[in-house]
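Residue-level listing of the chains:
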Amino acid sequence: MATNLATSRGRSSNTSNADERFNIFDDEIAVKADGSETDGAYAVVTITTASGGGPPLHAHPGSETFFVVSGEFEFTRRDATGISTVRAVPGDVVHAPGGTPHRFENVSATPSTLLIVFEPAALDFLREAGTAFTPGAEPNMETMLALTTMYRLETFYAGEGARPEPPRDGATSAQARALAWRFTHANDELIELVGRATPEQWRALCADTGWTVAVQAHHIADNHAHLAGMIRQIAEGQPPEPIPMEMIDAANAHHAEVFANVTQAKTVSLLRRNGAFAAEIYRALTDEQLARAAVTLIGAPPSTAAGLINYLAIGEIQRHGQAIRAALA
């Protein structure tokens, strides 16, 4: 197991009733040391979680080291070599490297405790989560995703090693909700960005395409509906015929010509309307549908519906949006 999750034996630590304590839902966190006490090097907490409790598969820049104080936990890690799992009991130490998807689950029949050493930013995240999700609070995926985005955490709701969560708020799956939220979040940022452009900035050129900000923003808005329709076809098992790249280039050139003088108000309105339409489609997809794949471009490998939402629907907003931001600056 040395190449995956490293495990060693150690001694249990004592806890203090004088520590800072807070809850995230029913889990109790006790702060042993924060960044101010360690010159910003690390923070230490204990977390007591109920039977079956634990976070979804996630990744973050900093590493984490877990010491099992009580009970039994199963740790899961996903990397290029596949899935690694290890059971840990009191005295065991488990290390999760930064950037590697991992999770833990209390597999005991009673509440059990871990001592965790991690970067101070992780403690800031836990504190904010504790404020948002007090005991008895209703889970809110959108709030949690906003927090994870702020603290550079990535959560995986599907795929090998993931822990499926029950659907809520009308979404078909946690993965679908996360994708729809990320899409909506990126689109809202773009709306805010282009909505405050001056008339001169609206005509500025984007370095990645040579289009004006007006054409580029309208292209993204127009694409929302087309991409969502294509992705829904793939998800439903009725993919469209793959097309050559030349056809896409011709369509883009035609769009740039037709909408050369599009107004700011019409573009913002289209971003809102088509963005809401696309998000509704993505939110309703099941995990099975998100995993369906098809070839969309002649000569390219198959892409899953989830991959297309990530790379095209969300990725195009981010890539073209970055060029728009540079042009406005």
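Above this text you will find the structure in question.
It should be emphasised that the depicted structure is a prediction, and the values quoted were computed from it without experimental measurement.

Engineer: Whenever I open this one, the pairing of strand E9 (residues 92–96) confuses me. Can you help?
Structural biologist: Consecutive residues of a regular strand have side chains that alternate between opposite faces of the sheet. Here E9 shows one buried face, formed by Asp92, Val94 and Ala96, and one open face, formed by Val93 and His95. Sheet analysis places strand E6 (residues 64–70) next to E9, joined by 4 bridges and oriented antiparallel. The partner of Phe66 across the bridge, within E9, is Val94.

Engineer: Honestly, the side chain of His60 in this entry has me stumped. Any pointers?
Structural biologist: Summarising the element assignment, His60 is placed in the loop between strand E5 (57–59) and E6. Among the polar contacts made by the side chain of His60, one reaches the main-chain carbonyl oxygen of Gly62 at a distance of 2.7 Å. Excluding residues within four positions of it along the chain, His60 makes contact with Gly98, Gly99, His102, Arg152 and Leu153.

Engineer: Can you walk me through the pairing of strand E3 (residues 27–33) in this structure?
Structural biologist: Burial runs high along E3: 5 of the 7 residues are buried. Here 5 bridges tie strand E2 (residues 20–24) to E3, and the two strands are oriented antiparallel to one another. Across the sheet, the residue bridging to Phe22 is Ile29, located in E3. Hairpin connection, E2 to E3: the antiparallel pair is bridged by 2 residues, and Phe25 has positive phi, about 55 degrees. In this sheet, strand E4 (residues 43–49) lies alongside E3 in antiparallel orientation, the contact comprising 5 bridges. Its bridge partner lying in E4, Val31 is registered against Val45.

Engineer: Help me out: how do you make sense of the environment of His218 in this one?
Structural biologist: Of note, His218 is situated in helix H5 (residues 213–235). The exposure class of His218 is buried, given its relative accessible area of 5%. Considering only alpha carbons, one finds His218 and Thr267, 49 residues apart in sequence, at a separation of 5.3 Å. Excluding residues that lie within four positions of it along the chain, His218 makes contacts with His255, Phe259, Val262, Thr267 and Leu270.

Engineer: How should helix H9 (residues 305–328) be read in this particular structure?
Structural biologist: Because each turn of an α-helix spans 3.6 residues, side chains separated by three or four positions in sequence point in the same direction. For H9, with 24 residues, the first-to-last C-alpha span of 32 Å sits near the 34 Å given by 1.5 Å per residue. If you look at H9, its biggest bend is around 50 degrees, right at Gly315.

Engineer: Help me out: how do you make sense of empty space enclosed by the protein in this one?
Structural biologist: Empty pockets left among the atoms are what a rolling probe the size of a water molecule brings to light. In this structure the tally under the stated criterion is 1 cavity of 30 Å³ or more. The computed volume of the largest cavity comes to approximately 40 Å³. Lining the largest cavity we find His219, Ile220, Asn223, His224, Leu227, Leu312, Ala313, Glu316, Ile317 and His320. When contributions to the lining of the largest cavity are tallied by element, the ones reaching two or more residues are H5 and H9. Here the lining of the largest cavity is composed, by residue class, of 5 nonpolar, 4 polar and 1 charged.

Engineer: Explain H5 here, please?
Structural biologist: A rise of 1.5 Å per residue sets the reference length of H5, with its 23 residues, at 33 Å; its end C-alpha atoms lie 32 Å apart and thus fit the reference within 8%. Asn223 marks where H5 bends most, by close to 30 degrees.

What counts, and at which threshold
The residue numbers shown here count from 1 along each chain, following its written sequence. Owing to the predicted nature of the model, reporting of local features is limited to residues with pLDDT of at least 70; listing and counting of side-chain atom pairs is limited to 80 or more, with chain, interface and lining totals taken over all residues. Side-chain measures were taken over the full set of non-hydrogen atoms in the model, leaving aside hydrogen atoms and water. Only protein chains enter the calculation, and the probe is 1.4 Å; a residue is then buried if its accessible area is under 20% of its type maximum, exposed if over 50%, and partly exposed in between. Only DSSP runs of H or I reaching four residues or more are called helices, and only runs of E reaching two or more are called strands; each is numbered from the N terminus. Following DSSP output, two strands are said to pair if at least two bridges run between them. For this analysis, a polar contact is any N or O atom pair within 3.5 Å, provided that within protein one partner can donate a hydrogen and the other can accept it, and provided that sequence-adjacent residues contribute only side-chain to side-chain pairs. Should any heavy atoms of two residues lie within 4.5 Å, those residues are counted as being in contact. What a helix is expected to span follows from its residue count: subtract one and scale by 1.5 Å. Throughout, bend refers to the angle between the axes fitted to the seven residues that end at a position and the seven residues that start at it. Within this scheme a cavity is a closed region of a 1 Å grid, computed over the protein atoms alone, that accommodates a 1.4 Å probe without allowing it to escape, whereas a pocket is open but has protein on both sides within 12 Å along at least five of seven lines; lining residues each have an atom within 4 Å of a point. Grid points are joined across faces, edges and corners, and a volume is the space filled by probe spheres set on the points. Basically, the charged four are Asp, Glu, Lys and Arg, the nonpolar ten are Ala, Val, Leu, Ile, Met, Phe, Trp, Tyr, Cys and Pro, and anything else, Gly included, counts as polar.

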